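Residue-level structural notes
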Amino acid sequence: DDDCVDGLVCPQRGRYDDVPGCNGNFRTRKDFCVSEDAPTTKRLTYVGNPPATQLQECEGDCDTDDDCAGTLICYQREYMHNVPGCYGNTRNDDDYCA
């Protein structure tokens, strides 16, 4: 955070993690200064397939909406596409609840 101007923070991220509040392909291990008010997201978590219990937000691998808790949907995606509201490394074409 010391490298950022007032009002910005520097979240530490992994190689494929999204940058909160930013769009684009961030395929480096560099960190970026972002607003303290940037939208927060949850880290993707691979639980397993089939899941033993209903999955929470940003958990996978789901196959249908029934695999997800409450009103979450099973976000079907193509290889390495981002999951809305989530960040982190994904496993190939696994699907996650969002």
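The subject of this paragraph is a negative patch on the surface. Together, Asp 1, Asp 2, Asp 3, Asp 6, Glu 36 and Asp 37 line one region of the surface with negative charge. Relative to the elements of secondary structure, Asp 37 occurs in the loop between strand S2 (34-35) and strand S3 (42-43).

All right, on to unusual backbone geometry then. Peptide bonds are trans in most cases, and residues, glycine excluded, mostly fall at negative phi. Following Asn 49, the chain continues to Pro 50 via a peptide bond in cis, the omega torsion being 0 degrees. Within the element layout of this structure, Pro 50 appears in the loop between strand S4 (45-46) and strand S5 (59-60). Residue Asp 61 is bonded to the preceding Gly 60 through a cis peptide linkage, with omega at 20 degrees.

This next bit is on the nonpolar core. Of all hydrophobic cores here, the largest spans 6 residues; its members are Leu 55, Cys 62, Cys 68, Leu 72, Cys 74 and Cys 97. Judged by nonpolar contacts, the second largest core, of 5 residues, contains Leu 44, Val 83, Cys 86 and Tyr 96.

Glancing now at the environment of Asp 2. Its location among the elements puts Asp 2 in the segment before strand S1 (8-9). Here the alpha-carbon distance between Asp 2 and Cys 33, two residues 31 residues apart in the chain, equals 10.0 Å.

As a further point, take the state of the cysteines. Tallied over the entire structure, the rule returns 4 disulfides. At a sulfur-sulfur separation of 2.0 Å, the disulfide partner of Cys 58 is Cys 86. Between Cys 58 and Cys 86 the sulfur-sulfur dihedral comes to about -90 degrees; the bridge is accordingly left-handed. With Cys 58 in the loop between S4 and S5 and Cys 86 in strand S7 (residues 86-87), this residue pair connects regions lying 28 residues apart in the sequence. Accessibility assignment for this pair places Cys 58 and Cys 86 in one class, buried. Among the cysteines of the protein that take part in disulfides, numbered as they appear in the sequence, the pairing is 1-2, 3-7, 4-6, 5-8. Unpaired in terms of disulfides, Cys 10 finds its nearest cysteine sulfur in Cys 4, a separation of 4.7 Å.

Thresholds applied
Residues numbered from 1 in each chain as written. Predicted model: local features only at pLDDT ≥ 70, side-chain atom pairs only at ≥ 80, totals over all residues. Heavy atoms only, no water. Patch = residues over 30% accessible without salt bridge, like charges linked within 9 Å, V, L, I, M, F, W, Y side chains within 5 Å. Areas by Shrake-Rupley, 256 points an atom, 1.4 Å probe, with all protein chains shown as cover. Salt bridge = Lys/Arg side-chain N within 4 Å of Asp/Glu carboxyl O. Lys, Arg positive; Asp, Glu negative; His and termini not counted. Charge placed at Lys NZ, Arg CZ, Asp CG, Glu CD. Helix = DSSP H or I, 4+ residues; strand = E, 2+ residues; numbered from the N terminus. Core = buried A, V, L, I, M, F, W, Y, C linked by side-chain atoms within 4.5 Å. Buried < 20%, exposed > 50% of the residue type's maximum accessible area, 1.4 Å probe, protein only. Disulfide = S-S within 2.5 Å.

Keep in mind these numbers describe shape, not what the thing actually does.
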